[in-house]
Amino acid sequence: MGNSIETTCVQGGYRPKNGEPRQVPIYQNTTWKYDTSEFMGKLFDLEEAGYFYTRLQNPTNDLVAAKVCELEGGSAAMLTSSGQAASFFSIFNLASCGDHIVSSSALYGGTYNLFATTMKRMGIEFSFVDPDCSDDELEAAFRPNTKAVFGESVANPALSVLDIERFAQAAHAQGVPLIVDNTFPTPVNCRPIEWGADIIVHSTTKYMDGHGGAVGGCIVDAGRFDWTKHADKFPGLTTPDESYHGVVYTERFGLEGAFITKATAQLMRDLGAIQAPQNAFLLNLGLESLHLRMAQHSANGLAVARFLGEHPKVAWVRHPSLPGDRYYEQACKYLPKGSCGVVSFGVAGGRAGAEAFMKKLGLAQIATHVADARTCVLHPANATHRQMNDEELAAAGITPDLIRLSCGIEGTGDLIADLEQALG
Ligand SMILES: *Cc1c(COP(=O)(O)O)cnc(C)c1O
């Protein structure tokens, strides 16, 4: 079978045998029945592979995770209940109280809160670096107790493009893996593992589901990072897990399976952020058309950015694939097929201009969501950041005139016509 990204979107993960359902079946059950308690015991000891309780593993979830794994070119993957859970697990699987992480400062707001507030309360410290920092600044951020580097391939909402190769080299030089949140471009537009990333996380809530239908997340392991070479840094992967009768994950499951097996066996067991099999089924329906939708999202994003860039009532426009954008060269390298459908821009007339513009939009609808089949738009100064005054907004990198537009997959001409009448 062909293994282009398009074919993998449609047929990856699940390959039914003779007489089996053609579509991924929904295993709507919590438990599995076994003939002997001896066999059940082996399942509990991770000595036999098999399903016993959906909080740990469910076949529907595994088949859909396998598709995302193939799309990213990884060795193992797992679904989580949300993107937040995926980001949390990806780090908590490596770091515990007293450890340190280097992260790009260009992050989704929820991820920043998770790192800077909640995980800090767990005793994990984060150093935030500008994604465009110098090599020296990046190197200086590491500490002896650093366990990973984290960044977003295309940052939400900053739309900066991470220099994945440079960040991967810096991480590897310090003996730690690079974790990349690849939510915005998806593996259709960007394949971070090919540039050296070790672990990929997704909010599948965004383009992967793509229809605003199901919250979810995913973690993919490239299976290349050699935990045993840096065994002192990663004892959780390289020394016996007493909560699993002394299993050593790297020995039993190899470099390909250790990370995801540990995240499943420990974190999913104890924290329970499982994706509902119904949602995994919906996610798979989304993945079947991801390649078609990403092409249209990206084309609409670029066409709208070009239109806005030439409009006299638009003060500025940002989109990584727009020639002249600060990240254009990096986008050509990492995102040759396009970046995503999100565009940010400033309406002439500042806050008042932006407010008037928002009132006139018809096709673009006001929502906090992004990366949906339907075009959605937000004026952060009047929504997510409305408690801030203009000075505080400036410190957060948000100007009062900023509009965040997430182009859907509607007709390009209709989208531009809506913007044109609202600006006019
Ligand atoms: C939305 C988002 C998340 C969080 O995902 P949820 O599914 O909402 O928990 C993480 N990273 C990025 C880049 C996002 O856009």
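All residue numbers here refer to positions counted from 1 along the written sequence of the relevant chain. At least 70 in pLDDT is required for a residue's local features to be given in this predicted model, at least 80 for side-chain atom pairs to be given and counted, and no such filter applies to totals for whole chains, interfaces and linings, which use all residues. Note that water and hydrogens are dropped before the side-chain values are worked out from all heavy atoms of the structure.

**Student:** Just give me the short version of the confidence of the model for the protein chain, but keep the residues and values in it.
**Tutor:** Do not read the predicted coordinates in detail wherever pLDDT is low. Considering every residue of the protein chain, the mean pLDDT works out to 95; 99% of them sit at 70 or more. pLDDT is a residue-level measure of predictor confidence that goes from 0 to 100. Note on conventions: DSSP H or I runs of at least 4 residues are helices, E runs of at least 2 residues are strands, and numbering of each starts at the N terminus. Averaged pLDDT values for the elements of the protein chain fall to 76 in helix 15 (residues 390–395) and rise to 99 in strand 5 (residues 178–181).

**Student:** Explain the nonpolar core residue by residue, including any values.
**Tutor:** Side-chain atoms within 4.5 Å link the members of a nonpolar core, which is a set of buried Ala, Val, Leu, Ile, Met, Phe, Trp, Tyr and Cys residues. Exposure is judged per residue with a 1.4 Å probe applied to protein chains only, and the accessible area is read against the type maximum: over 50% gives exposed, under 20% gives buried, and values in between give partly exposed. Counting 95 residues, the largest nonpolar core has Ile91, Leu178 and Ile219 as the members making the most contacts within it. If one sorts the elements of this core by residue count, helix 10 (residues 249–271) sits on top with 8 residues. Not counting residues within four places of it along the chain, the set of residues in contact with Ile219 comprises Ala76, Ala77, Met78, Thr80, Ala86, Phe89, Ser90, Ile199, Ile200, Val201, Phe259 and Ile260. In terms of nonpolar packing, the next biggest core, distinct from the first, is built from 24 residues, Val317, Phe357, Leu415 and Ile416 among them. Any two residues whose heavy atoms approach within 4.5 Å at even a single point are treated as in contact.

**Student:** Talk me through the pattern of salt bridges; I want residue IDs and the actual numbers.
**Tutor:** Pairing of side chains with opposite charge becomes possible as their charged atoms draw close. We count a salt bridge whenever a side-chain nitrogen from Lys or Arg sits within 4 Å of a carboxyl oxygen from Asp or Glu. Inspection of every chain in the model, using the stated rule, returns 12 salt bridges. Arg374 is paired through a salt bridge with Asp372; the nearest N and O atoms lie 2.9 Å apart. Its relative accessible area of 46% is what places Arg374 among the partly exposed residues. Look at the salt bridges and you will find they share partners, linking Asp135, Asp163 and Arg166 into a network.

**Student:** Provide a residue-level description of the site of the ligand, including the pertinent values.
**Tutor:** Around the ligand, 15 residues are found, and the nearest of them are Asn156, Asp181, Ser203, Thr205 and Lys206. In the analysis that follows, any N or O atom pair within 3.5 Å is treated as a polar contact, provided that within protein one partner can donate a hydrogen and the other can accept it, and provided that, for residues neighboring in sequence, both atoms belong to side chains. Here a nitrogen atom of the ligand and a side-chain polar atom of Asp181 are 2.7 Å apart. In the environment of the ligand, an oxygen atom lies 2.6 Å from a nitrogen or oxygen atom belonging to the side chain of Thr205. Note on areas: Shrake-Rupley with a 1.4 Å probe; residue coverage comes only from the protein chains shown. Look at the ligand: alone it shows 380 Å² of surface, and the protein chains cover 93% of it. Note that Gly is not counted as nonpolar here; it falls among the polar residues with everything else outside the nonpolar set of Ala, Val, Leu, Ile, Met, Phe, Trp, Tyr, Cys and Pro and the charged set of Asp, Glu, Lys and Arg. Within the shell around the ligand, the residues separate by chemical class into 3 nonpolar, 9 polar and 3 charged. Near residues are defined by distance, with any heavy atom within 4 Å of the molecule or strand qualifying the residue.

**Student:** Account for the packing of aromatic side chains, naming residues and giving values.
**Tutor:** Working definition: rings of Phe, Tyr and Trp (its six-membered ring) pair if their centres are within 6.5 Å, and the pair is stacked with planes under 30 degrees apart, edge-to-face with planes over 60 apart, and tilted otherwise. For the coordinates displayed, the defined rule picks out 17 aromatic pairs. Seen in terms of ring centroids, Phe225 and Trp227 are 4.7 Å apart; in terms of plane orientation they differ by 55°. Their pairing is tilted. Looking at Trp227, the relative accessible area reads 1%, which means it is buried. Between the aromatic rings of Trp227 and Phe259, the centroid separation amounts to 5.9 Å while the plane-to-plane angle is 15°, which identifies the pairing as stacked. Taken as a pair, Trp227 in the loop between strand 7 (217–221) and helix 9 (235–238) and Phe259 in helix 10 lie far apart in primary sequence, 32 residues in all. Both residues of the pair, Trp227 and Phe259, belong to the buried class.

**Student:** Any details on the environment of Leu361? Residues and values, ideally.
**Tutor:** Inspection of the secondary structure puts Leu361 in the loop between helix 14 (350–360) and strand 10 (365–366). The exposure class of Leu361 is buried, given its relative accessible area of 12%.

**Student:** Lay out the packing of helix 12 (residues 290–309) against helix 16 (residues 412–423) with the relevant residues and their values.
**Tutor:** All axes here are fitted lines through C-alpha atoms, helices being fitted over the stretch that makes contact, and every angle between N-to-C directions spans 0 to 180 degrees. Contact geometry for helix 12 and helix 16: axes closest at 10 Å, N-to-C directions at 30°. Here helix 12 runs over helix 16; the crossing is right-handed. Residues Gln296, Asn300, Ala303, Val304, Phe307 and Leu308 of helix 12 touch helix 16, and the partners they reach there are Thr412, Leu415, Ile416, Leu419, Glu420 and Leu423. Handedness of each helix crossing follows the sense of rotation of the near helix against the far helix: counterclockwise by less than a right angle gives left-handed, clockwise gives right-handed.

**Student:** Any chance you could break down the side chain of Asn156 for me, citing the residues and the numbers?
**Tutor:** On the secondary structure map, Asn156 appears in the loop between strand 4 (146–152) and helix 7 (164–173). A residue is classified by how much of its surface remains accessible, and Asn156, at 6% relative accessible area, is buried. In this structure, Asn156 is in contact with Leu107, Tyr108, Gly109, Phe184, Lys206, Val370 and Arg404, ignoring residues within four places of it in sequence.

**Student:** Describe the state of the cysteines, naming the residues involved and giving the relevant values.
**Tutor:** Pairs of cysteine sulfur atoms within 2.5 Å are identified as disulfides in what follows. Applying the stated criterion to the full structure yields 0 disulfides. Here Cys376 stays unpaired: no disulfide links it, and the sulfur of Cys407, its closest cysteine neighbor, is 9.4 Å away.

**Student:** Lay out the sheet that holds strand 2 (residues 100–104) with the relevant residues and their values.
**Tutor:** Paired strands, in this sense, are two strands between which DSSP finds at least two bridges. Spatial strand order, 1-7-6-5-4-2-3: 7 strands in an open sheet with mixed pairing. Two strands in the sheet have a free side with no partner beyond their single neighbour: strand 1 (76–80) and strand 3 (125–129). With strand direction ignored, the average angle separating the axes of adjacent strands in the sheet is 20°. The sheet strands contacting helix 3 (residues 59–72) are strand 1, strand 6 (199–203) and strand 7, and the helix crosses strand 1 at an angle near 125°. Contacts from helix 10 reach strand 1, strand 6 and strand 7, with the element oriented near 25° to strand 1.

**Student:** Describe the sheet that holds strand 10, with residues and values.
**Tutor:** Taken together, the 5 strands give an open sheet; going across it, the order is 8-9-12-11-10, and neighbouring strands pair in mixed fashion. Every other strand in the sheet has two partners, leaving strand 8 (314–318) and strand 10 as the edge strands with one partner each. Sheet topology places strand 9 (residues 342–347) next to strand 12 (residues 402–406); 5 bridges connect them, and they run antiparallel. Bridge assignment links Ser344 to a residue of strand 12, and that residue is Arg404. Lying over the sheet, helix 14 contacts strand 9, strand 10, strand 11 (376–378) and strand 12, oriented at roughly 125° with respect to strand 9.

**Student:** Could you give an account of the environment of Ser203, with specific residues and numbers?
**Tutor:** Its location among the elements puts Ser203 in strand 6. Residue Ser203 is classed as buried on the basis of its relative accessible area, which comes to 12%. Considered as a pair, Ser203 and Pro277 are 74 residues apart in the sequence and their alpha carbons are 16 Å apart. With near-sequence residues (within four places) excluded, Ser203 lies in contact with Gly83, Thr183 and Gly216.

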